[in-house]
Amino acid sequence: MFRYFGKSRGVFAAGLVLTAALAVTMGVRRAQGPVWIAVITVLLALALGTALSVLVANLIATGCEQSIQETLHMDLDPEGFIQAYAPAAARMKPGSAARCAAAANLAEAHCAAGRWQQALSTLEEPGPGLPPARTAALRALVLRCRCRYLLWGQQPAEARRVLDELKALLQEQTAENPGLAVNLRPQVRLYGVWAAILEGHPADAAGLEEQMRRLPTKLDKLDTCWMLRLNSRLTGDTEAEQRFTALLASEGGQLACAREARGETV
């Protein structure tokens, strides 16, 4: 993982330099003794130093990724996230689990910035050779993202097609990976409601608003706030529409939906 972020690569390189210096110093100190002892000492120093450098660099990389993720999920700044994260994603091996997940992260940011079609084209499928359970989880991630972007693009028919595909996958994984279905079924239900609203079928606003309060992430909450705004417009509830518009404007940061609610150019 350390290869993906400049800071962690720098830490790894510094660790290797220190490791080499330590190995040379220990080799010189053992030079007067048996050769085999000097060789073993140097090899042990190199192995331990390299392992420690990898460990520290990976910890730094994890911290870098978490900090960048906060740019999108906490600060709600999709453009800042893309600028910081795209170089790391580009270094990941195509088809790998890391690259598939990273592409989904970038796609989320493009969608948050109002570019739902670019978000769709940014998604990448998991490559061959991954464990079946991992492939299924990544495939479910891609389908969930694709459905969400189609809903933001007001394409309910296409979104339902993808949603049906996701439901079938979750049904297949019920026995092998029950946690996957448990984690995604609430979003499956929510996206079904979203599609229905776009098709002109009003939702239970009170229930939807209560669900918005319980959702764990800001992006999910704002998705639901957007749905409530659409639902209010559908039912002609002007007061509720104004309330949800104000909520999006005040809480949505630099997301496209918040900028639109504030009357800014998106």
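Use the structure listed above.
Residues numbered from 1 in each chain as written. Predicted model: local features only at pLDDT ≥ 70, side-chain atom pairs only at ≥ 80, totals over all residues. Heavy atoms only, no water.

Undergrad: Tell me about the overall build of the protein chain, residues and numbers included.
TA: Tallying secondary structure elements over the protein chain gives twelve helices and zero strands in all. Helices and strands in the protein chain line up, N terminus first, as α-α-α-α-α-α-α-α-α-α-α-α. When contacts within the protein chain are restricted to residue pairs at least 6 apart in sequence, long-range pairs at least 24 apart make up 58% of them. Roughly 13,800 Å² of accessible area belongs to the protein chain as shown, and the carbon and sulfur atoms make up 59% of that amount. (Helix = DSSP H or I, 4+ residues; strand = E, 2+ residues; numbered from the N terminus. Contact = heavy atoms within 4.5 Å. Areas by Shrake-Rupley, 256 points an atom, 1.4 Å probe, with all protein chains shown as cover.)

Undergrad: Requested: an account of helix 7 (residues 156-172), with residues and values cited.
TA: When the terminal C-alpha atoms of helix 7 are compared, their 24 Å separation across 17 residues agrees well with the 24 Å that a helix rising 1.5 Å per residue should span. Every buried residue of helix 7 is listed here: P156, A159, V162, L163, L166, L169 and L170. Buried residues along helix 7 cover an arc of 135° about the axis, so they all sit on one side. The outward face of helix 7, more than 90 degrees from its buried face, is lined by the exposed residues A157, Q171 and E172. (Expected span 1.5 Å × (residues − 1). Buried < 20%, exposed > 50% of the residue type's maximum accessible area, 1.4 Å probe, protein only. Arc of directions from axis to C-beta.)

Undergrad: I'd like a description of the packing of helix 9 (residues 205-214) against helix 10 (residues 218-235), backed by residues and values.
TA: At a closest axis distance of 9 Å, the pairing of helix 9 and helix 10 adopts a crossing angle of 165°. What the angle tells us is that helix 9 and helix 10 run roughly antiparallel. Judged by the sense of rotation from one axis to the other, the crossing of helix 9 with helix 10 is left-handed. In this structure, helix 9 uses A205, L208, E209, M212, R213 and R214 to contact helix 10, whose residues at the interface are K221, T224, C225, M227, L228 and N231. When its residues are assigned to classes, the contact of helix 9 with helix 10 shows six nonpolar, two polar and four charged. (Axes fitted to C-alpha atoms, helices over the stretch in contact; angles between N-to-C directions. Parallel < 35°, antiparallel > 145°, perpendicular 65-115°, else oblique. Left-handed = near helix turned anticlockwise from the far one by under 90°. Nonpolar A, V, L, I, M, F, W, Y, C, P; charged D, E, K, R; others polar.)

Undergrad: Mind laying out the packing of helix 4 (residues 97-112) against helix 6 (residues 132-152), listing which residues take part and the relevant values?
TA: Packing of helix 4 against helix 6 brings their axes to within 11 Å, and their N-to-C directions diverge by 15°. Judged on the interaxial angle alone, helix 6 and helix 4 are roughly parallel. The interaxial crossing formed by helix 4 with helix 6 has left-handed handedness. In contact with A97, C100, A101, A104, A107, E108 and C111 of helix 4, helix 6 contributes R134, L138, L141, V142, R144, C145, R148, Y149 and W152. Looking at the contact of helix 4 with helix 6, its residues break down into twelve nonpolar, no polar and four charged.

Undergrad: Summarise the environment of V142; cite the residues concerned and give the values.
TA: On the secondary structure map, V142 appears in helix 6. Judged by its relative accessible area of 0%, V142 is buried. Setting aside chain neighbours within four positions, we find V142 in contact with C100, L123, E124 and E125.

Undergrad: Describe in detail the nonpolar core, supporting the description with residues and values.
TA: In terms of nonpolar packing, the biggest core is built from 62 residues, with F81, Y85, L166 and W194 touching the most fellow members. Looking at this core element by element, the count peaks at eleven residues for helix 6. Once you skip the residues sitting within four places of it in the chain, L166 turns out to touch A140, L143, R144, L184 and V188. (Core = buried A, V, L, I, M, F, W, Y, C linked by side-chain atoms within 4.5 Å.)

Undergrad: Mind laying out helix 4, listing which residues take part and the relevant values?
TA: Side chains that are three or four residues apart share a direction in an α-helix, a result of its 3.6 residues per turn. Between the first and last C-alpha of helix 4 there are 23 Å, a value that for 16 residues agrees with the 22 Å anticipated at 1.5 Å per step. Burial within helix 4 is extensive, with 14 of its 16 residues counted as buried. Among the residues trailing helix 4, G114 stands out with phi positive, at a value near 95°.

Undergrad: Quick rundown of the pattern of salt bridges? Include the residues and the values.
TA: On inspection of all chains with the given rule, the structure shows 18 salt bridges. Two residues, R233 and E241, come together in a salt bridge whose shortest N-O distance is 2.8 Å. Among the residues examined, R233 registers a relative accessible area of 45% and is labelled partly exposed. Its salt-bridge partner being R262, residue E264 comes within 2.9 Å of it at the nearest N-O pair. (Salt bridge = Lys/Arg side-chain N within 4 Å of Asp/Glu carboxyl O.)

Undergrad: Give me a nonpolar patch on the surface: which residues, what numbers.
TA: Among the surface-exposed residues, L52, L55, V56 and L59 lie close enough to one another that they form a single nonpolar patch of about 380 Å² accessible area. Its location among the elements puts L59 in helix 2 (residues 35-73). Accessibility expressed as a relative area gives 57% for L59, which makes it exposed. (Patch = residues over 30% accessible without salt bridge, like charges linked within 9 Å, V, L, I, M, F, W, Y side chains within 5 Å.)

Undergrad: Please set out the packing of aromatic side chains residue by residue, giving values where relevant.
TA: Counted under the stated rule, the structure contains four aromatic pairs. Taking 5.0 Å as the distance between ring centres and 40° as the angle between the ring planes, the aromatic pair formed by W152 and W226 counts as tilted. With W152 in helix 6 and W226 in helix 10, this residue pair connects regions lying 74 residues apart in the sequence. For W152, a relative accessible area of 19% corresponds to the buried category. Geometrically, the ring pair formed by Y191 and W194 is edge-to-face, given 6.2 Å between the ring centres and 65° between the ring planes. Of the two residues, Y191 and W194 both sit in helix 8 (residues 178-198), three residues apart, roughly one turn of that helix. Grouping residues by exposure puts Y191 and W194 together as buried. (Phe/Tyr/Trp six-rings, centres within 6.5 Å; stacked < 30°, edge-to-face > 60°.)

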